[in-house]
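# Chain and residue survey
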Amino acid sequence: MVDTSDEWIVTRTGIRERHIASNGCHSSDMAVAASKQALEMAGCSGDEIDLLIVGTVTPDYRLPSTACVIQEKMHLPNAVGFDIVAACTGFINGLSIAAPLIEVGRYSKALVIGVEKLSSFTNYADRNTCVLFGDAAGAAVVSREEGEGGVLSTFMKSDGNMRELLWAEVGGTVNPYSPDFSFDGRDKILMNGSDVFKVAVKEMGRAAQNVLDEAGLKPSDIAMIIPHQANIRIIDALAKRLKVDPEKVYINIDKYGNTSAASVPLALDQANRAGKIKPGDNVLMVAFGGGLIWGAALVRW
Ligand code: UT7
């Protein structure tokens, strides 16, 4: 489709495989599959969920939110659902919003989802982006429980000055779709990869340090880092910057590529189910994406 090679993709990104959802499988469908597993693992019924936050840049519709579609498909009659557009940090931002609302007792059980059907939003004629992205969903139940642990600290930050480094120029109110207008791929993801790369390394490191400082912990206290899976070289640079043993960094970019908001919850779930996270472990999640926006969450498992 484009002038590229397996060698370039693997050495420059670490990606070997990606998953592409079928035409009839929408963001809400992937989110429902993930959510059912999350509810089952948490031993909680749909009736108990009172807050539903969905991070996505690939909604089923422009209106209503994908959260409302998921609410209907999952039968969550007691929840308020809404989407957040925070690109790759969607899940971390969702968790950062849900945790304090639960802590103060305003809500009792949240379902936080990161889901993307990026294949619907990728220009397969653009080699700068089309080799990177995949489709996925991940979900977590966040609730108020007795005992030690929980969400220790969170951090969210954005800088809209750099929004044109990673964006879709056409399709909103500034440049609406129109029959006389040549989109030329500009309604799909456009990215200046090398500039984004530099900011990602710096700001993911700072976001990670920020949540550690707030919790009064050191990098050596981290049992597992769950980074956004955008590029293996970014992940390696982050581990080096934090001086954390690479063994403590969960990596699945080789199997899934960059799945934006789904990346962190997908990796978190896989690390957990693989027994790599134990009760009492400090788990650091950190992500970076289009906005530009970045964030981190530190959780005691
Ligand atoms: O998830 C949201 C946040 N996103 C990120 O964090 C992504 C950050 N950026 C990256 O991961 C990397 O910048 C990329 C993987 C996107 C690109 O890697 P790079 O090493 O930064 O490459 P580059 O953009 O500097 O391009 C180097 C060369 C260029 O060719 P010339 O101009 O040197 O001749 C590109 O045209 O590599 C070329 N190139 C490719 N060649 C083969 C770009 N994409 C490809 C490709 N196959 N798919």
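Residues numbered from 1 in each chain as written. Predicted model: local features only at pLDDT ≥ 70, side-chain atom pairs only at ≥ 80, totals over all residues. Heavy atoms only, no water.

## Re the site of the ligand
Taken together, 24 residues are adjacent to the ligand, and Thr4, Arg12, His228, Asn231 and Asn258 come closest. Glycine 193 has a polar backbone atom sitting 3.0 Å from a nitrogen atom of the ligand. For the ligand, an oxygen atom lies 3.0 Å from a polar atom in the side chain of arginine 233. Computed on the free molecule, the ligand has an accessible area of 950 Å², of which 73% lies beneath the protein chains in the complex. Those elements that place two or more of their residues in the shell around the ligand are helix H1 (6-13), helix H5 (127-130), helix H6 (193-215), helix H7 (232-242) and strand S9 (282-289). Residue contributions to the shell around the ligand peak at 4 residues, all from H6. In this structure, the shell around the ligand is formed jointly by two domains, domain 1 (6-147) and domain 2 (152-174 + 183-300), each of which donates at least three residues. (Near = heavy atom within 4 Å. Polar contact = N/O pair within 3.5 Å; in protein donor to acceptor, adjacent residues only side chain to side chain. Areas by Shrake-Rupley, 256 points an atom, 1.4 Å probe, with all protein chains shown as cover. Helix = DSSP H or I, 4+ residues; strand = E, 2+ residues; numbered from the N terminus. Domains from an automatic or database assignment.)

## A short note on the pairing of strand S8 (residues 224-227)
Each regular strand shows side chains that alternate between the opposite faces of the sheet. Along S8, one buried face is formed by Met224 and Ile226 and the opposite face, lined by Ile225 and Pro227, is buried too. Judged from the 4 bridges that link them, S8 and S9 form a sheet pairing that is parallel. Bridge pairing in S9 links isoleucine 226 to methionine 285. (Buried < 20%, exposed > 50% of the residue type's maximum accessible area, 1.4 Å probe, protein only. Pairing = 2+ DSSP bridges.)

## Thoughts on the nonpolar core
One finds Met204, Ile225, Leu242, Leu284, Val286, Phe288 and Leu292 to be the most contacted residues of the largest nonpolar core, which totals 39 residues. For this core, the secondary-structure elements that each account for two or more residues are H6, H7, S9 and strand S10 (293-300). No fewer than three residues from each of domain 1 (6-147) and domain 2 (152-174 + 183-300) sit in this core. Setting aside residues up to four positions removed in sequence, isoleucine 225 forms contacts with Leu238, Leu242, Val244, Lys248, Val249, Tyr250, Leu284 and Val286. (Core = buried A, V, L, I, M, F, W, Y, C linked by side-chain atoms within 4.5 Å. Contact = heavy atoms within 4.5 Å.)

## Structural notes on the sheet that holds strand S5 (residues 150-158)
Across the sheet, which stays open at both edges, the 4 strands sit in the order S5-S10-S9-S8 with mixed pairing between neighbours. Each edge of the open sheet carries a strand with a single partner, namely S5 and S8. Each strand of the sheet is rotated relative to its neighbour by a mean of 10°, with strand direction disregarded. In this structure, S9 lies alongside S10, joined through 8 bridges in antiparallel fashion. Opposite valine 283, over in S10, you have valine 299 as the bridge partner. Sheet strands touched by H6: S5, S8, S9 and S10. Its angle to S9, the strand with the most contacts, is close to 145°. Running over the sheet, H7 touches S8 and S9 and is turned about 140° from S8. (Axes fitted to C-alpha atoms, helices over the stretch in contact; angles between N-to-C directions.)

## Thoughts on the sheet that holds strand S4 (residues 135-143)
One open sheet holds the 4 strands; their spatial order is S2-S1-S3-S4, and the pairing between them is mixed. Whereas interior strands pair on both sides, the edge strands pair on one side only; in this sheet they are strand S2 (80-84) and S4. The average undirected angle you get between the axes of adjacent strands in this sheet is 15°. Sheet topology places strand S1 (residues 51-55) next to strand S3 (residues 109-117); 5 bridges connect them, and they run parallel. Across the sheet, valine 54 pairs through a bridge with isoleucine 113, a residue of S3. In the packing of helix H9 (residues 263-273) onto the sheet, the strands contacted are S3 and S4, and the crossing angle to S4 comes to about 70°.

## Points about the domain arrangement of the protein
With domains assigned, the protein is organised as domain 1 (6-147) and domain 2 (152-174 + 183-300). Computed from C-alpha coordinates alone, the two centres of domain 1 and domain 2 are separated by 15 Å. Taken together, the contact between domain 1 and domain 2 spans 44 residues of the former and 41 residues of the latter. Taken together, the two surfaces of domain 1 and domain 2 that pack against each other cover about 3400 Å², and 66% of this comes from carbon and sulfur. Sorting the residues of domain 1 by area buried against domain 2 places Cys88, Ile92 and Phe121 first, and these three jointly supply 19% of that buried surface. For the pair domain 1 and domain 2, the number of links is 0 salt bridges. Summed over the shared surface of domain 1 and domain 2, the number is 13 residue pairs in polar contact (both at pLDDT 80 or more). Those elements that place two or more of their residues in the side of domain 1 that touches domain 2 are H1, helix H2 (27-42), helix H4 (90-103), S3, H5 and S4. For the side of domain 1 that touches domain 2, the element with the highest residue contribution is H4, accounting for 6 residues. Class assignment for the residues of the side of domain 1 that touches domain 2 results in 17 nonpolar, 19 polar and 8 charged. (Buried area = accessible area lost by both parts, 1.4 Å probe. Salt bridge = Lys/Arg side-chain N within 4 Å of Asp/Glu carboxyl O. Nonpolar A, V, L, I, M, F, W, Y, C, P; charged D, E, K, R; others polar.)

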